[in-house]
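# Structure assessment
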Amino acid sequence: MNYEVDVLINNAGIGNYGCFSDQNLTDINKVMMVNIIAPVELTRLFVTEMIERGDGKILNISSLAAFVPGPKMSVYYASKTFLLSFSEALV
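To keep things clear, this report deals only with the structure shown in the data block.

What counts as what
- Residues numbered from 1 in each chain as written.
- Predicted model: local features only at pLDDT ≥ 70, side-chain atom pairs only at ≥ 80, totals over all residues.
- Heavy atoms only, no water.
- Helix = DSSP H or I, 4+ residues; strand = E, 2+ residues; numbered from the N terminus.
- Contact = heavy atoms within 4.5 Å.
- Axes fitted to C-alpha atoms, helices over the stretch in contact; angles between N-to-C directions.
- Parallel < 35°, antiparallel > 145°, perpendicular 65-115°, else oblique.
- Nonpolar A, V, L, I, M, F, W, Y, C, P; charged D, E, K, R; others polar.
- Salt bridge = Lys/Arg side-chain N within 4 Å of Asp/Glu carboxyl O.
- Buried < 20%, exposed > 50% of the residue type's maximum accessible area, 1.4 Å probe, protein only.

### Remarks on the side chain of Ser-79
For Ser-79, the location among the structural elements is in helix α2 (residues 74-89). If near-sequence neighbours (up to four positions away) are discounted, Ser-79 is found in contact with Val-31, Asn-35 and Ile-36.

### A closer look at the packing of helix α1 (residues 25-53) against α2
Axis separation between α1 and α2 bottoms out at 9 Å; the angle between their running directions is 10°. By the angle between their axes, α1 is roughly parallel relative to α2. Here Ile-28, Val-31, Met-32, Asn-35, Ile-36, Pro-39, Val-40 and Thr-43 of α1 come into contact with α2, specifically with Val-75, Tyr-76, Ser-79, Lys-80, Phe-82, Leu-83 and Phe-86. Taken together, the residues of the contact of α1 with α2 break down into eleven nonpolar, three polar and one charged.

### Topic: the pattern of salt bridges
Applying the stated criterion across every chain yields a total of three salt bridges. Of the charged contacts in the structure, one is a salt bridge between Arg-53 and Glu-49, with a shortest N-O distance of 2.9 Å. With Arg-53 and Glu-49 both in helix α1 and four residues apart, the pair spans about one turn of that helix. For Arg-53, a relative accessible area of 26% gives the class partly exposed. Beyond isolated ion pairs, a larger network of salt bridges with shared partners links Glu-4, Asp-6, Glu-49 and Arg-53.

Structure, rendered in structure tokens:
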């Protein structure tokens, strides 16, 4: 099937709570995959076609966490800061 995506909403997010040094790398990578890699890959997948059509919208949902540091949730907060910066840089 051939689909035309008019609106992409990246709204997924997960986080781990606890000292960074106590978290295992697998759980840290899961947060980064959902909060950073997935929205970047999905945006890249659809943005070119939207530009070529001259139509389409992408909404990346971040968090208030993007604006402050997050003790005990450092990777989550940092990932939301990344998503905000990435979104603002897309012109």
